[in-house]
Amino acid sequence: MLEKGIKGRLDSVVTYEMTADYIGSGMVKVFATPMMIALMEKTCRLSVAPHLEEGQGTVGIHVNVSHVSATPQGMKVWAESELTEIDRKRLVFKVAAYDERGLIGEGLHERFIIDNRKFQERTDSK
């Protein structure tokens, strides 16, 4: 059962494939903003997955985050999430990302509960 207050955490280490240089969002070998957002989204998704009905999942629908500090390749990073609002099928999370030196990003992320099969079928019919 979904309830406000569900928390998540996911750890990683910044590899070259996670850098702005590699993915093309910049020309430096630092943790890319899109990769930080992906880590935040995955943390949220995994935190609520055990609380959903069989066949359900969530998809991201809105991201509003700031990337406030750069992280070099090779450093440990992690994202933390907390489910702060449930509005029918819309879920709102407070998210933050950290490296070994402190906060690197924070904001809000929204996800929507879906029926995985139906969602995929509708999308495939486009």
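This structure is a prediction, so every number in the text was calculated from the model and none was measured.

Each value, and the rule that gives it
- Residues numbered from 1 in each chain as written.
- Predicted model: local features only at pLDDT ≥ 70, side-chain atom pairs only at ≥ 80, totals over all residues.
- Heavy atoms only, no water.
- Core = buried A, V, L, I, M, F, W, Y, C linked by side-chain atoms within 4.5 Å.
- Buried < 20%, exposed > 50% of the residue type's maximum accessible area, 1.4 Å probe, protein only.
- Helix = DSSP H or I, 4+ residues; strand = E, 2+ residues; numbered from the N terminus.
- Contact = heavy atoms within 4.5 Å.
- Salt bridge = Lys/Arg side-chain N within 4 Å of Asp/Glu carboxyl O.
- Polar contact = N/O pair within 3.5 Å; in protein donor to acceptor, adjacent residues only side chain to side chain.
- Phe/Tyr/Trp six-rings, centres within 6.5 Å; stacked < 30°, edge-to-face > 60°.

*Asks:* So what's going on with the nonpolar core? Residues and values would help.
*Replies:* Counting residues in hydrophobic clusters, the biggest one holds 21 residues, and the most contacted among them are Leu-2, Phe-31, Val-48, Leu-83, Leu-91 and Phe-93. At the level of secondary structure, the elements contributing two or more residues to this core comprise helix 2 (33-48), strand 3 (76-87), strand 4 (90-99) and strand 5 (102-115). The residues contacting Leu-83, other than those within four sequence positions of it, are Leu-2, Glu-3, Lys-4, Gly-5, Ile-6, Val-48, Leu-91, Val-92 and Phe-93.

*Asks:* Account for unusual backbone geometry, naming residues and giving values.
*Replies:* Here Arg-88, not a glycine, exhibits a phi torsion of approximately 55°, which is positive. With respect to the element layout, Arg-88 can be found in the loop between strand 3 and strand 4.

*Asks:* Give a detailed account of the pattern of salt bridges, specifying residues and quantitative values.
*Replies:* Taken as a whole and judged by the stated rule, the model has nine salt bridges. In this structure, Glu-41 and Arg-111 form a salt bridge, with 3.2 Å as the shortest nitrogen-oxygen distance. Separated by 70 residues along the polypeptide, Glu-41 in helix 2 and Arg-111 in strand 5 bring together distant segments of the chain. Residue class for Glu-41 comes out partly exposed when judged on its relative accessible area of 25%. In this structure Arg-111 comes out as buried when scored by relative accessible area, which is 4%. Taken together, the shared-partner salt bridges connect Glu-85, Asp-87, Arg-88, Arg-90 and Glu-110 into one network.

*Asks:* An account of the side chain of Thr-58 is needed here, citing residue identities and associated values.
*Replies:* Structurally, Thr-58 is set in strand 2 (residues 56-67). At 2.8 Å, the side chain of Thr-58 forms a polar contact with the side chain of Arg-111. Apart from the residues lying within four places of it in its own chain, the contact partners of Thr-58 are Arg-45, Val-48, Leu-52, Leu-91, Arg-111, Phe-112, Ile-113 and Ile-114.

*Asks:* Just give me the short version of the packing of aromatic side chains, but keep the residues and values in it.
*Replies:* Overall, the coordinates contain two aromatic pairs when judged by the stated rule. Plain terms: the ring middles of Tyr-16 and Tyr-22 are 5.4 Å apart, the flat faces sit at 75° to each other, and that makes the pair edge-to-face. Here Tyr-22 falls in the partly exposed class, since its relative accessible area comes to 47%. Plain terms: the ring middles of Trp-78 and Tyr-98 are 5.8 Å apart, the flat faces sit at 20° to each other, and that makes the pair stacked. Linking Trp-78 in strand 3 with Tyr-98 in strand 4, this pair joins segments that are 20 residues apart in sequence. Assessed through its relative accessible area of 24%, Tyr-98 is described here as partly exposed.

*Asks:* Give a description of the side chain of Ser-47 that names residues and reports values.
*Replies:* Among the structural elements, Ser-47 can be located in helix 2. A polar side-chain atom of Ser-47 sits 2.8 Å from the main-chain carbonyl oxygen of Cys-44. When residues no more than four places from it in sequence are discounted, the contact partners of Ser-47 are Ile-6, Lys-7, Gly-8, Ser-81 and Phe-93.

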